[in-house]
Amino acid sequence: MAQIQVRQENGHAARTLNDAGEQEAFLRVHGIGYEKWPISRLESVETQATSGGQAHILETFAPEVSRLKSERGYITADVIGLCPQTENLDVILAKFDKEHRHSEDEVRFVVDGRGVFTIHSSVDDSVFDVEVVPGDLLMVPRGTWHWFTLCEDRKITCIRMFRDPSGWVADYR
């Protein structure tokens, strides 16, 4: 994980967490699941636009995906990729960049690119930005208010997991 930036809001002082152990402990306190998967096992990130590339990514991380499905009841996993060439990218991103929550966990494993999950903690009302990078698995629990933005390069490829095979529906604040 690149960093966690705690915002100066709701009586909380602004601070940046860069130490991996400190980051993981912070996320645990706020109920956010986090794991680091061995991204080096993926020889190259094949284009996410092809089913072959998606299949290769899912096959490479099949043991971890299977474990999470078994432990947490996820039924389906897929690969999503966004980049500057993605048709209607701004329209797609507009679905994620407003504060919302879901009726199931939002689970993302970053294969390539970077993004920022901004989380509004139900524990202490703090707001913090979690920058995710390749190898990061973030699990935002159902009902947690959050939003997502891409970093400057506007590209990310992720494995997503769902309990409901039709995917999630956002409930906007």
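Refer to the preceding data block for the structure.
Residues numbered from 1 in each chain as written. Predicted model: local features only at pLDDT ≥ 70, side-chain atom pairs only at ≥ 80, totals over all residues. Heavy atoms only, no water.

(A) Here's a closer look at the sheet that holds strand 6 (residues 106-113). Strand order in the open sheet formed by five strands is 3-9-6-11-4, with antiparallel pairing between adjacent strands. Of all the strands in the sheet, the pair left with one neighbour each is strand 3 (33-36) and strand 4 (76-82). Across the sheet, the axes of successive neighbouring strands diverge by a mean angle of 20°, strand direction being ignored. Of the strand pairs in this sheet, strand 3 and strand 9 (residues 136-140) are connected by four bridges, and their pairing is antiparallel. Pairing of Y34 across the sheet is with L138, part of strand 9. (Pairing = 2+ DSSP bridges. Helix = DSSP H or I, 4+ residues; strand = E, 2+ residues; numbered from the N terminus. Axes fitted to C-alpha atoms, helices over the stretch in contact; angles between N-to-C directions.)

(B) Layout of the nonpolar core. Judged by nonpolar contacts, the single largest core of 24 residues is most densely connected at I4, L27, F128, V130 and L138. Listing elements by their share of this core, those giving two or more residues are strand 1 (3-6), helix 1 (20-29), helix 4 (89-94), strand 7 (115-120), strand 8 (127-132), strand 9, strand 10 (145-150) and strand 11 (156-162). Ranked by the residues each element gives to this core, the list is headed by strand 8, at three residues. Contact partners of L27, with chain neighbours within four places excluded, come to M1, I4, I32, Y34, F128, V130 and L138. (Core = buried A, V, L, I, M, F, W, Y, C linked by side-chain atoms within 4.5 Å. Buried < 20%, exposed > 50% of the residue type's maximum accessible area, 1.4 Å probe, protein only. Contact = heavy atoms within 4.5 Å.)

(C) A look at unusual backbone geometry. Although it is not a glycine, N88 sits at a positive phi angle of roughly 60°. With respect to the secondary-structure elements, N88 resides in the loop between strand 4 and helix 4. With a phi close to 50°, R154 is a non-glycine residue in the positive phi region. Along the chain, the position of R154 falls in the loop between strand 10 and strand 11. The class for R154 is partly exposed, based on a relative accessible area of 31%.

(D) View of the pairing of strand 7. Counted residue by residue, strand 7 has six buried out of six residues, so it is predominantly covered. Across the two faces of strand 7 the burial is the same, with G115, F117 and I119 and V116, T118 and H120 all buried. Sheet analysis places strand 7 next to strand 8, joined by six bridges and oriented antiparallel. Among the inter-strand pairings, T118 is bridged to a residue of strand 8, identified as D129. Remark: six residues form the turn of the hairpin made by strand 7 and strand 8, two consecutive strands paired antiparallel; D125 in that turn has positive phi of roughly 65°.

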